[in-house]
Amino acid sequence: MAHRLTRIAVFSLILWGSVSARLLAAQGLPSGLSREAQALVARAFEGLDPSKPIVDVHVHAIGIGQGDSGCRINPTMLDPRYPLKRYTSTLYLRASGVKGFDRFDEDYMERLVALAQGFGRPVKLHVLAMDQFHNPDGTVNPERTEFFVPNDYVVRLAERHPDVFVPVISVHPARPDALAELDRWGAKGVRWVKWLPNAQGIDPADPRWDPFYRRMRDLGMILLSHTGEEQAVSAKGAQELGNPLRLRRPLDLGVTVVMAHCASLGWNEDLDHPGRKVRSFDLFLRLMGEEAYRGRLYGDLSAVTQINRPPRQIWELLQRKELQGRLLQGSDYPLPGVDLVIWTSQFKGLNMISARERQALNEIFEVNPLLFDFVLKRLIRDPKTGRTFDPELFTRVPAPPRPRVP
């Protein structure tokens, strides 16, 4: 599938006689779609509270260091001497829809704004910072840092586009100024912190981070942490750091936690029964089933529809009614734009979508991969019962704990 930068225009009234047509006209859907694709988008909005924005808690800010973004990528990521890394990096950059590297950082964010506006109704994208890899002594390890997105950058983006972006900072707990960094952004109203433990060298179960967790709790911050295996960024023997059970420590200290991807990839050691390995997804389900964490533990759907994730896990999530109020929408953008990992054919083959829906979805993918991810997850269903994900999932934001007054 070809990816192109598309200017999203708001439709004027579409003169159809059906209810779907009137919805399309009211919502201002993107140009360049057939009537069938437009009708599918309209269906995806049915049942959602129109007074609430669509929420996506997992959108990557990406930059290669142009302008004043402060972003950096490891030189090996585009070095011809590392062909696999170069191929993977180029794939992700192209999936963003940005044509060239001359203004990549600025163009990427302009593209994100355009894609969000292409929904035809308010959308809140939580844009993620990415802190550097730190050694145990707190020093930065440039060789192990594949990419860096500063906190200042995502906050500036949210200040420029407050109607679209919500900033999510990233603070490695080994940083000497880690608590001060939490205080700095907490004072400005930032309430989300992102970790990718496998790639950043963070063990969430390390008791050394207890003061960090208590500060997050006291500031009313939410921890969005990768869970399960990490394949998009090098983890170098640290996959066990994505074990969902390692997040018991911040949970037990009162932190609200969102487990990215619902731990839908890989296997981890069952720390409750040492010596055996089970699906990371099963460990996620175990934690979600513990009453002590109800109201403070969530999972986001980012990446769950990618080809490297078993579709059966989506079916399991659909089956569990008790989880529907604790799941969040996450796209993992720009990955929904990588056609090598997004195969709608697998869902059609399992009767989780129809052939006509698949055709329309593929059309939406070409125009707006962010919208595509949303529509796919709204439509995907249990082939036996027809059950879909709870509509409220797509407008839900977990309530952070109330900041504690010193």
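Above: the structure in question.
Treat the numbers as computed from the prediction; the structure is a model and nothing was measured.

**Q** Give me the sheet that holds strand S1 (residues 54-60): which residues, what numbers.
**A** If you walk across this open sheet you meet the 3 strands as S1-S3-S5, and the pairing is parallel. In the strand order of this sheet, the two ends are held by S1 and strand S5 (165-168), each with one partner. The average angle at which neighbouring strand axes cross in this sheet is 25°, direction not considered. Both strand S3 (residues 123-128) and S5 contribute to a ladder of 4 bridges, which runs parallel. When the sheet's bridge partners are listed, Leu128 is paired in S5 with Val168. Contacts between helix H5 (residues 151-160) and the sheet are confined to S3 and S5, with S5 contributing the most and set at about 160° to the helix.

**Q** Please provide a residue-by-residue account of the sheet that holds strand S6 (residues 192-195), values included.
**A** Across the sheet, which stays open at both edges, the 5 strands sit in the order S6-S7-S8-S11-S12 with parallel pairing between neighbours. Edge positions in the sheet fall to S6 and strand S12 (327-328), since each of these pairs with one other strand and no more. Pairing of strand S7 (residues 222-226) with strand S8 (residues 256-260), which is carried by 5 bridges, proceeds in the parallel orientation. Note that in S8 the partner of Leu223 across the bridge is Val257. The strands touched by helix H10 (residues 280-288) within the sheet are S8, strand S11 (297-300) and S12, with S11 carrying the most contacts at an inclination of about 145°.

**Q** I'd like a rundown of the nonpolar core, residues and numbers included.
**A** Note that soluble globular proteins tend to have their nonpolar side chains buried in a common cluster. Among the nonpolar cores identified, the biggest contains 102 residues, and Phe165, Phe284, Phe374, Val375 and Phe389 are the most heavily contacted of them. Apart from the residues within four sequence positions on either side, Phe374 is in contact with Ala44, Phe45, Leu48, Ile54, Phe119, Gln329 and Phe394. In this structure, Val57, Ile222, Val258 and Leu328 belong to the second largest nonpolar core, which totals 11 residues.

**Q** Give me helix H3 (residues 83-95): which residues, what numbers.
**A** In this model, H3 (13 residues) spans 18 Å end to end at C-alpha, consistent with the 18 Å of a helix rising 1.5 Å per residue. Ser89, Thr90, Leu93 and Ala95 are the residues of H3 that are buried. Those residues of H3 hidden inside the fold are in contact with helix H4 (104-117). A positive backbone phi angle near 90° is found at Gly97, which sits one or two residues after H3.

**Q** Give me the packing of aromatic side chains: which residues, what numbers.
**A** Each pair of aromatic rings is reported with the distance of its centres and the angle of its planes. Taken as a whole, this structure holds 10 aromatic pairs when the rule is applied. With 6.1 Å between their ring centres and 35° between their planes, Tyr108 and Tyr333 make a pair best called tilted. With a gap of 225 residues between them, Tyr108 in helix H4 and Tyr333 in the loop between S12 and helix H12 (344-349) connect regions that are remote in the sequence. With relative accessibility at 0%, the residue Tyr108 sits in the buried group. What makes Tyr333 buried here is its relative accessible area of 0%. Both rings, one in Phe365 and one in Phe372, keep their centres 5.3 Å apart while their planes meet at 85°; by these two values the pair is edge-to-face.

**Q** Provide a residue-level description of the environment of Leu301, including the pertinent values.
**A** Locating Leu301 in the fold gives a position in the loop between S11 and helix H11 (311-319). Residue class for Leu301 comes out buried when judged on its relative accessible area of 0%. Sequence separation between Leu301 and Val168 is 133 residues, and the spatial gap between their C-alpha atoms is 17 Å. The residues contacting Leu301, other than those within four sequence positions of it, are Cys262, Leu317, Leu327, Leu328, Gln329, Gly330, Lys377, Phe389 and Leu393.

**Q** Quick rundown of unusual backbone geometry? Include the residues and the values.
**A** Peptide bonds are mostly trans, and most non-glycine residues show a negative phi. Cis rather than trans, the peptide bond between Tyr333 and Pro334 has omega equal to 20°. By the element assignment, Pro334 lies in the loop between S12 and H12. With a phi angle near 70°, His261 is a residue other than glycine that sits in the positive phi range. Among the secondary structure elements, His261 is positioned in the loop between S8 and strand S9 (267-269). The phi torsion at Ala263 lies on the positive side, around 50°, for a residue other than glycine. Counting through the fold element by element, Ala263 comes out in the loop between S8 and S9.

Cut-offs and rules
- Residues numbered from 1 in each chain as written.
- Predicted model: local features only at pLDDT ≥ 70, side-chain atom pairs only at ≥ 80, totals over all residues.
- Heavy atoms only, no water.
- Pairing = 2+ DSSP bridges.
- Helix = DSSP H or I, 4+ residues; strand = E, 2+ residues; numbered from the N terminus.
- Axes fitted to C-alpha atoms, helices over the stretch in contact; angles between N-to-C directions.
- Contact = heavy atoms within 4.5 Å.
- Core = buried A, V, L, I, M, F, W, Y, C linked by side-chain atoms within 4.5 Å.
- Buried < 20%, exposed > 50% of the residue type's maximum accessible area, 1.4 Å probe, protein only.
- Expected span 1.5 Å × (residues − 1).
- Phe/Tyr/Trp six-rings, centres within 6.5 Å; stacked < 30°, edge-to-face > 60°.

Structural measurements only, silent on function.
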